[in-house]
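Below, each chain spelled out in residue letters.
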Amino acid sequence: MAGSSRRPLTRWAWVEIDRGALRRNTRAFKNLLGPRQKLCCVVKADAYGHGAIECAKVMQSTGADMFAVATVDEGVHLREGGINAPILVLSEPPLETIPMLLEHRIMPSVYTSDFALAYGEYAVQAGTVGRYHLAIETGMNRIGVHYTEVLDFRRSIDFHRGIVCDGVFTHFATADDIDGWDYKLQRRRFDEAVAALRDAGMECGVVHCDNTPASILDPESHHDMIRAGIGLYGLQPCDATRSRLALEPVMSVKARVTRTTHPAMGEGVGYGFTYRVPRTTVQICTLPIGYADGLSRTLSNRMDVLYRGERMRQVGNICMDQCMVAVQQTPIHQIREAEYGDEMTIVGRDGDEEITMDEMAQLRGTINYEVACGFGMRLEKVYR
Ligand SMILES: *Cc1c(COP(=O)(O)O)cnc(C)c1O
């Protein structure tokens, strides 16, 4: 658990981050690349809930060439944590952030000439140049300059000596299906736009488009760099990638029992009594983790936790900061009753049993990305 130099956990619920797994996953992505191709590690949303600075340090020492974030604040946070590699913001931030971008050498994505020129003006005043990545809209309809308009766009900003194009990129909406028409169309549009820029003699810098699924499934589209996110954290973006690249989950979620009780038969548990004790042999255990920690209330009475390598059902409505678990004796299966301080696993492995982010995502009707981000928001993180 926590290293001895660390202050004690202030609460008996925490996220464990396996640095070794993170390093091996990062290496697995490096191994997909040729010697001249780069790895951009996506560490937005506090590294998908895993802790941006700690993770970026591991990735940097394992060969990450660049980091991508969602907000300028996330970039500044990395710089303040001692990360020196190039940092890219994956959308065009507000004009007001330009001084911060230049001060901290954080590259914006650019797709409006207003932003590009203001960025250039400020850079000239500050005696520097503003590097940026040109985002190209190829079909997702989220951000970027439309792929048919990149030449006009570049002609309207390239005169400015305060800006330099460090890269061009697009983002796939359907990279889990690389044989599909939608993916192929986005790829073709991107390749055409890049070719047009090159034919016109315009600097493209680092050309990149692959997220995790495209990186794994379509080696032909790596270009100069891949942008891997979810896979670094050991989570598969879709079923198609599962058999193609082995990854190890980095995050597990644990808690210790803070109270045990044996309510009488028929007693309710939690808000609204959505669970009633069916037998006197049911032990109700309280865990100090709730929906404000990422344990969605929609999981109430439907999820399991692991205790001594066995599945126990969570019972009653999940509260904001706590939830209850039933340790059930049956005539054919005797379990050692839980005690104050016993550890339970919310996500992760215990003996032969495992509860995955995917299992929880399936129960919630969402994707593993959202589950991991949720657990990162309030729980303390323990790095191993
Ligand atoms: C989040 C994001 C990624 C990483 O996607 P994963 O599926 O997690 O690999 C890459 N590029 C952009 C633009 C993103 O927003």
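What counts and how
- Residues numbered from 1 in each chain as written.
- Predicted model: local features only at pLDDT ≥ 70, side-chain atom pairs only at ≥ 80, totals over all residues.
- Heavy atoms only, no water.
- Helix = DSSP H or I, 4+ residues; strand = E, 2+ residues; numbered from the N terminus.
- Contact = heavy atoms within 4.5 Å.
- Areas by Shrake-Rupley, 256 points an atom, 1.4 Å probe, with all protein chains shown as cover.
- Lys, Arg positive; Asp, Glu negative; His and termini not counted.
- Charge placed at Lys NZ, Arg CZ, Asp CG, Glu CD.
- Core = buried A, V, L, I, M, F, W, Y, C linked by side-chain atoms within 4.5 Å.
- Buried < 20%, exposed > 50% of the residue type's maximum accessible area, 1.4 Å probe, protein only.
- Domains from an automatic or database assignment.
- Near = heavy atom within 4 Å.
- Polar contact = N/O pair within 3.5 Å; in protein donor to acceptor, adjacent residues only side chain to side chain.
- UniProt positions renumbered as here; feature names shortened; annotations may be inferred.
- Phe/Tyr/Trp six-rings, centres within 6.5 Å; stacked < 30°, edge-to-face > 60°.
- Lys NZ or Arg CZ within 6 Å of the ring centre and 35° of its normal.
- Axes fitted to C-alpha atoms, helices over the stretch in contact; angles between N-to-C directions.
- Parallel < 35°, antiparallel > 145°, perpendicular 65-115°, else oblique.
- Nonpolar A, V, L, I, M, F, W, Y, C, P; charged D, E, K, R; others polar.

(A) Local environment of the overall build of the chain. Within the chain one finds twelve helices and 22 strands. Principal-axis analysis of the C-alpha atoms gives the chain an extent of 80 × 45 × 40 Å. Counted over contacts in the chain with a minimum sequence separation of 6, partners at least 24 positions apart contribute 65%. Per element, the accessible surface of the chain, about 17,000 Å² overall, is 49% carbon and sulfur. Across the chain, 43 positive and 49 negative side-chain charges occur, with their mean positions spaced 4 Å apart.

(B) Broad picture of the nonpolar core. Counting residues in each nonpolar core, the largest one holds 113 residues, and the members touching the most others are Phe67, Ile289, Ile346 and Phe375. A per-element tally of this core places helix H3 (residues 52-61) first, with six residues. Inspection of this core shows a minimum of three residues originating in each of domain 1 (19-235) and domain 2 (251-383). The contacts of phenylalanine 67, once residues within four sequence positions are left out, are Cys40, Cys41, Val43, Ala56, Met59, Gln60, Leu78, Ile83, Ala85, Pro86, Ile87 and Leu88. The next biggest cluster of nonpolar side chains, apart from the first, holds eight residues, and it includes Val269, Val277, Ile284 and Ala326.

(C) Structural context of unusual backbone geometry. Even without being a glycine, tyrosine 48 presents a positive backbone phi close to 50°. When its relative accessible area of 6% is taken as the criterion, tyrosine 48 is described as buried. The backbone of histidine 223 sits at a positive phi, close to 50°, despite the residue not being glycine. Counting through the fold element by element, histidine 223 comes out in the loop between helix H9 (212-217) and strand S11 (225-228).

(D) Structural view of the site of the ligand. Neighbouring the ligand are 14 residues; Lys44, Tyr48, Thr212, Ile230 and Tyr369 lie closest to it. The side chain of tyrosine 48 places a nitrogen or oxygen atom 2.6 Å from an oxygen atom of the ligand. Relative to its free-state accessible area of 390 Å², the ligand is covered by the protein chains to the extent of 94%. Put simply, the parts of the chain that give the shell around the ligand at least two residues each are helix H2 (44-48), H9 and S11.

(E) Quick look at the UniProt feature "active site" (unreviewed entry) in the chain. Under the present numbering, the feature "active site" (unreviewed entry) in UniProt falls on Lys44 and Tyr271. Maximum C-alpha separation among the annotated residues is 35.0 Å over a sequence range of 228 residues, too wide for a single clustered spot. Structurally, lysine 44 is set in helix H2. By the element assignment, tyrosine 271 lies in the loop between strand S14 (268-269) and strand S15 (275-276). The exposed category is assigned to tyrosine 271, whose relative accessible area is 61%. Once you skip the residues sitting within four places of it in the chain, tyrosine 271 turns out to touch Asn317 and Cys319.

(F) Local environment of the packing of aromatic side chains. A full pass over the atoms with the stated rule returns five aromatic pairs. Between tryptophan 12 and tyrosine 340, the aromatic rings sit 5.0 Å apart at their centres with planes inclined by 55°, giving tilted as the arrangement. In this pair, tryptophan 12 sits in the segment before strand S1 (13-17) while tyrosine 340 sits in the loop between strand S19 (323-328) and strand S20 (343-350), placing the two residues 328 residues apart along the sequence. With a relative accessible area of 28%, tryptophan 12 lands in the partly exposed category. Here phenylalanine 172 and tyrosine 183 contribute two aromatic rings whose centre-to-centre distance is 4.6 Å and whose plane-to-plane angle is 50°, an arrangement assigned as tilted. A residue pair is termed long-range when its members are at least 10 positions apart, and phenylalanine 172 in the loop between strand S9 (163-169) and helix H8 (181-199) and tyrosine 183 in helix H8 qualify at eleven residues. One aromatic cluster in this structure is built from Tyr48, Tyr233 and Tyr369. Above the ring of tryptophan 12, the side-chain terminus of arginine 256 is found at 6.0 Å from the ring centroid.

(G) Structural detail: the packing of helix H11 (residues 357-364) against helix H12 (residues 368-376). As a packed pair, H11 and H12 sit with axes 8 Å apart at the nearest point and diverge in direction by 105°. In terms of orientation, H11 and H12 fall into the roughly perpendicular class. Contacts from Met357, Asp358, Met360, Ala361 and Arg364 in H11 reach Asn368, Glu370, Val371, Ala372 and Phe375 in H12. The residue makeup of the contact of H11 with H12, split by class, is six nonpolar, one polar and three charged.

(H) Focus on the side chain of asparagine 317. As for its position among the elements, asparagine 317 is in the loop between strand S18 (310-315) and S19. Classification of asparagine 317 by relative accessible area gives buried; the value is 13%. Only 3.0 Å separates the side chain of asparagine 317 from the backbone oxygen of tyrosine 271, close enough to count as a polar contact. Not counting chain neighbours up to four residues away, the residues in contact with asparagine 317 comprise Val269, Tyr271, Thr274, Arg297, Ser300 and Asn301.

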